[in-house]
Protein chains: 2
Amino acid sequence: MTKEQERAHASLPCEKCPLRKRDLFRDFEQGELDFIGRFKKGDLAVKKGATVLVEGAHNPHLYTVLSGWGFRYKLLEDGRRQIVNYVMPGDLVGLQGNLLGEMKHSVEALSSMVLCVFEKAELFSLYREFPELAYDITWIASREECMLDDNLLTVGRRTALEKVAYLLMFILERSRQCGLIGNGTVSLTQQHVADTLGLSLVHTNKTIARLAERGFLKWEDGGCRILNPEALAELADWTAEKVAKRPFL
Amino acid sequence: MTKEQERAHASLPCEKCPLRKRDLFRDFEQGELDFIGRFKKGDLAVKKGATVLVEGAHNPHLYTVLSGWGFRYKLLEDGRRQIVNYVMPGDLVGLQGNLLGEMKHSVEALSSMVLCVFEKAELFSLYREFPELAYDITWIASREECMLDDNLLTVGRRTALEKVAYLLMFILERSRQCGLIGNGTVSLTQQHVADTLGLSLVHTNKTIARLAERGFLKWEDGGCRILNPEALAELADWTAEKVAKRPFL
DNA sequence: CGTTGAATTGAGGTCACTCAATCGCAGTGG
DNA sequence: CCACTGCGATTGAGTGACCTCAATTCAACG
């Protein structure tokens, strides 16, 4: 996605939001669109590598990802990092952690991103006026929990080989769903993979090499090309969810 | 908590719910109580070791834990188990995973438990009629996500010693908050600890022994007595949350 | 062309794993 | 009363997965 396209997004009203055209997302009533339009306070455009949210900070905003992607992570005092999940178009960011109070995690952009900005303080008026949208938010939170459960299973109980296979399929499928990529390519660094899976960088590299040897994938500068998704899925005991229409804000 | 007390719970109307008396939980309006009373379809009492929910099943219900505690877990094909979180009084169970559709995890009782039963199908009417309660549900989901993030950090990036210290403090504090225990004792099996932290049973045992040597805790048949919570907290880089009043259903 | 960030490789160490045996204790049934 | 059983905790031995440290390559960039 080019810089120009992002700027185009940023200036569009919600009714024309490019996400709404996608089959993946549910249709909205005019009243809902009007409300979301008022609820939306602006756009936030950030560059690749920028920090969108910082752990420990008080942030009055809530965001929906419009374009690009990033990751949520937490740090230990001595710098050890755990990536907790990835955020992609249509995802709600900032809901995790006490609704009010300080952020419990940070968010960093993996590509340039545009986010839709909302005020947490006005969230309750949404609940009062549009129960359907409130229900949607619960649906979204529920889905996030589901992903976290899966990630926990992966980090806790799968082997290194299974972990990498799982993560790549997880990201590939999610990004395909929300239209982030067309080809079978995932752009991230091996350090990200390591920090997601609780592995060291070196061991991650060797594990990826083993998968490449088998011809399941190919690592090419700053990204990964999936050559045999079926084999990876089998290795990881992973099956694609069939996607119903999803809500978003 | 004795069997008799549980039976007493089960027959009480929501207004008299013993949880509502606790300082921990927020006060409710009469209208809210009436609604919850209608929303509630009955009680579910299970014995220690019983399976409350099964992964893969379609379950039309949603539960609030009234007494006792248990754990949520997921399995891999070959039987490897990952405990994902613990459920305690006031927690909402069954929200995780697609609101409709099959369960993505199982729940097992660690003690005898009583749960309040609701119908998922009626959840939307709650959103329509009581936005405050709907907001509460989001708050609860948000808190769960927060715990999952923390657990992921623990499993992914902490050492075995830190992991055990963290888990024990996590459970101790949560159960103290909701009044599960008075003394500094946590009743679970080392296998549970292992399956929560992504460790083997043997290594978990040796790690616990190391903590016991240092005088931080003492393992006594089917449970653990915390002797030095400060030392454990420091080891785990863990700090107690100060608890504001919490909602629940 | 020097610098920087990511990927790769090798060596050596250790943390955590598996396998296997043992022990204590609480039932349970003869 | 005592063998038998099952479950959880404990221990030892040996192994392998994963780690750290350190060096090297490679591509991109100013």
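Residues numbered from 1 in each chain as written. Chains lettered and ligands numbered in written order. Predicted model: local features only at pLDDT ≥ 70, side-chain atom pairs only at ≥ 80, totals over all residues. Heavy atoms only, no water.

Under an unreviewed UniProt entry, chain A has the name Crp/Fnr family transcriptional regulator and belongs to Nitratireductor kimnyeongensis.

Caption draft 1: Molecular detail of the protein's contact with DNA strand D. Around DNA strand D, the neighbouring residues are A:Ala160, A:Gly198, A:Leu199, A:Ser200, A:Val202, A:His203, B:Thr189, B:Gln190, B:Val202, B:Asn205, B:Lys206 and B:Trp219. Per the 4 Å cut-off to the protein, sugar and phosphate atoms form 69% of the nearby atoms of DNA strand D. The contact in question runs from a phosphate oxygen of DNA strand D to an N or O atom on the side chain of B:Asn205, over 3.1 Å. Within the side chain of B:Trp219, a nitrogen or oxygen atom sits 3.0 Å from a phosphate oxygen of DNA strand D. When contributions to the surface near DNA strand D are tallied by element, the ones reaching two or more residues are helix 8 (201–213) of chain A together with helix 8 (201–213) of chain B. Here the surface near DNA strand D is composed, by residue class, of five nonpolar, six polar and one charged. (Near = heavy atom within 4 Å. Polar contact = N/O pair within 3.5 Å; in protein donor to acceptor, adjacent residues only side chain to side chain. Helix = DSSP H or I, 4+ residues; strand = E, 2+ residues; numbered from the N terminus. Nonpolar A, V, L, I, M, F, W, Y, C, P; charged D, E, K, R; others polar.)

Caption draft 2: Local environment of the sheet that holds strand 3 (residues 61–67) of chain B. Residues and elements named next belong to chain B. Reading across from one edge, 1-8-3-6 is the order of the four strands in this open sheet, with antiparallel pairing throughout. Lying at the two open borders of the sheet, with one neighbouring strand each, are strand 1 (40–46) and strand 6 (92–93). Two elements, strand 3 and strand 6, share two bridges in a ladder whose sense is antiparallel. Bridging from a neighbouring strand, Tyr-63 pairs with Val-93 of strand 6. Running over the sheet, helix 3 (residues 30–39) touches strand 1 and strand 8 (113–119) and is turned about 65° from strand 1. (Pairing = 2+ DSSP bridges. Contact = heavy atoms within 4.5 Å. Axes fitted to C-alpha atoms, helices over the stretch in contact; angles between N-to-C directions.)

Caption draft 3: Just the protein's contact with DNA strand C, in detail. Residues in close proximity to DNA strand C include A:Thr189, A:Gln190, A:Val202, A:Asn205, A:Lys206, A:Trp219, B:Ala160, B:Gly198, B:Leu199, B:Ser200, B:Val202 and B:His203, which together make up its full environment. Protein-proximal atoms of DNA strand C, defined as those within 4 Å of the protein, fall in sugar or phosphate at a share of 65%. Interatomic distance of 2.8 Å between a side-chain N/O atom of A:Gln190 and a phosphate oxygen of DNA strand C. The separation between a phosphate oxygen of DNA strand C and a polar side-chain atom of A:Trp219 is 3.0 Å. Elements that contribute at least two residues to the surface near DNA strand C include exactly helix 8 of chain A together with helix 8 of chain B. The element contributing the most residues to the surface near DNA strand C is helix 8 of chain A, with three residues.

Caption draft 4: Expanded view of the sheet that holds strand 5 (residues 81–87) of chain A. All names here are of chain A. Read across the open sheet, the four strands follow the order 2-7-4-5; overall the sheet is antiparallel. Of all the strands in the sheet, just strand 2 (51–53) and strand 5 have a single pairing partner and so form its edges. For this sheet, the mean angle separating the axes of adjacent strands, direction not counted, is 35°. Note: strand 2 against strand 7 (residues 106–109), two bridges, orientation antiparallel. Within the sheet, the bridge partner assigned to Thr-51 lies in strand 7 and is Glu-108. Across the sheet, helix 7 (residues 190–197) is in contact with strand 4 (70–75) and strand 5; its angle to strand 5 comes to roughly 100°.

Caption draft 5: Examining the packing of helix 5 (residues 131–157) of chain A against helix 5 (residues 131–157) of chain B more closely. For the pair helix 5 of chain A and helix 5 of chain B, the least separation of the axes is 10 Å and the interaxial angle reads 15°. Classified by the angle their axes make, helix 5 of chain A and helix 5 of chain B are roughly parallel. For the crossing formed where helix 5 of chain A meets helix 5 of chain B, the hand is left-handed. Contacts from A:Ile137, A:Thr138, A:Ala141, A:Glu144, A:Glu145, A:Leu148, A:Asp149, A:Asn151, A:Leu152, A:Val155 and A:Gly156 in helix 5 of chain A reach B:Ile137, B:Thr138, B:Ala141, B:Glu144, B:Glu145, B:Leu148, B:Asp149, B:Asn151, B:Leu152, B:Val155 and B:Gly156 in helix 5 of chain B. (Parallel < 35°, antiparallel > 145°, perpendicular 65-115°, else oblique. Left-handed = near helix turned anticlockwise from the far one by under 90°.)

Caption draft 6: Broad picture of the pattern of salt bridges. The final tally for this structure, using the stated rule, is 36 salt bridges over all chains. With a closest N to O distance of 2.9 Å, B:Glu220 and B:Arg225 form a salt bridge. When salt bridges with common partners are traced through the structure, they connect A:Asp91, A:Arg143, A:Arg174 and A:Arg246 into a single cluster. (Salt bridge = Lys/Arg side-chain N within 4 Å of Asp/Glu carboxyl O.)

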